[in-house]
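# Examination of the molecular architecture
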Amino acid sequence: MGGGCGCCVGNCCIGDCCVGNCSFCCVFDCSDGRCCVGNCGATATTSTPKEDHAVKTANELAEMRERSKKNAAEEEQQIVDNVNKTMTEFIEWLKDVNKSKIGGKNLDINIDKIRELNDELRKKIVGFIGTKLENRINSTDSEVSMILAERDDTKRKKNFDEFYVARMNDAIRDLITEIEDSVREQSDAIEREIQNRIKELNNVMAQETRAFEDLKKLKEQEDSRLAEKQVEYMYYADLCDVMYNELATKNLGIGGR
């Protein structure tokens with residue numbers, strides 16, 4: 001063992017490993033003389049600018065992904081709330097429409113089907129923006145890679161913020177298109193439901209009209225037959241009156257004799 005400064009702990013073969021008063025800077029078995037850290041000469045390790053930049057950008061990317069996740073959930077919830085409000089008002093309107101009568105029959109549009117379509121729309125909205133942003137805000141994205149490569153912290157932050165806002169707007173526009181398509185499908189489904197219901201009611205009314213016409217014809221036929229019978233009965237009644245009168249006259253004559 002060398003004379004050394006006495007700062008090393010463990011088996012340090014080169015006793016003069018410490019520079020100055022480093023006070024127990026070495027630990028474990030350091031047989032090659034590279035056991036000292038801190039204020040122990042050229043053996044101290046420091047991070048490079050490249051490593052610092054990598055750590056910074058990794059943290060910035062993680063923060064941006066967390067921010068996008070939170071903001072996306074808030075945007076989606078706001079859109080869902082608006083859709084729910086609109087759909088609730090629409091369903092209340094349908095309930096009033098269902099009270100209307102066509103040919104004496106209630107319209108009775110299938111509101112449960114409308115609710116099912118609205119539930120499907122809600123499922124499309126939740127997670128839509130978040131997924132879009134998650135797919136773009138990652139180190140494998142070409143635009144993000146270019147932003148992360150920027151060494152100037154101020155420029156990098158500005159570029160990252162602009163990228164985030166642009167991707168958020170893209171995701172919202174895509175969601176609006178998705179909602180418009182879904183609402184169009186719902187409108188078509190509702191229109192089909194109303195048309196089918198009206199067709200059903202028209203068929204029912206047509207059947208009832210035919211039944212009424214058949215009943216009317218039957219009544220007319222029965223009235224005609226009744227009229228014929230009435231004439232026949234009147235004829236017989238008149239004939240009976242004539243015969244009765246004749247018999248009565250003859251009987252009176254005989255009696256008079």
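Scroll up a little and you will see the structure.
Report on the accompanying structure.

Before going further, it helps to spend a moment on the packing of helix α1 (residues 49–98) against helix α2 (residues 111–125). With their axes 11 Å apart at the nearest point, α1 and α2 run at an angle of 170° to one another. Taken as axis vectors, α1 and α2 run roughly antiparallel relative to one another. Note on element contacts: α2 touches α1 through Ile111, Ile114, Arg115, Asn118, Leu121, Arg122 and Ile125, opposite Glu76, Ile79, Val80, Val83, Asn84, Met87, Phe90, Ile91, Leu94, Lys95 and Asn98. Grouping the constituent residues of the contact of α1 with α2 by class yields 11 nonpolar, 3 polar and 4 charged.

Before going further, it helps to examine the pattern of salt bridges. As enumerated under the stated definition, the model contains 19 salt bridges in all. Across the salt bridge formed by glutamate 74 and lysine 70, the nearest N and O atoms sit 2.8 Å from each other. On the criterion of helical spacing, the pair formed by glutamate 74 and lysine 70 is a turn pair, its members being 4 residues apart in helix α1. Several salt bridges converge on common partners, so that one network encompasses Arg136, Asp141, Glu143, Arg167, Asp170 and Arg173.

Most often, soluble globular proteins have nonpolar side chains that are buried together. In this structure, Ile79, Ile125, Ile129, Leu133, Ile137, Phe160 and Leu175 are the most contacted members of the largest nonpolar core, which totals 23 residues. Here this core takes 8 residues from helix α5 (residues 153–256), the largest share from any one element. When near neighbours in sequence (up to four residues on either side) are disregarded, isoleucine 129 contacts Ala72, Glu75, Glu76, Ile79, Met168, Ala171, Ile172 and Leu175.

So, how was this worked out
Residues numbered from 1 in each chain as written. Predicted model: local features only at pLDDT ≥ 70, side-chain atom pairs only at ≥ 80, totals over all residues. Heavy atoms only, no water. Axes fitted to C-alpha atoms, helices over the stretch in contact; angles between N-to-C directions. Helix = DSSP H or I, 4+ residues; strand = E, 2+ residues; numbered from the N terminus. Parallel < 35°, antiparallel > 145°, perpendicular 65-115°, else oblique. Contact = heavy atoms within 4.5 Å. Nonpolar A, V, L, I, M, F, W, Y, C, P; charged D, E, K, R; others polar. Salt bridge = Lys/Arg side-chain N within 4 Å of Asp/Glu carboxyl O. Core = buried A, V, L, I, M, F, W, Y, C linked by side-chain atoms within 4.5 Å. Buried < 20%, exposed > 50% of the residue type's maximum accessible area, 1.4 Å probe, protein only.

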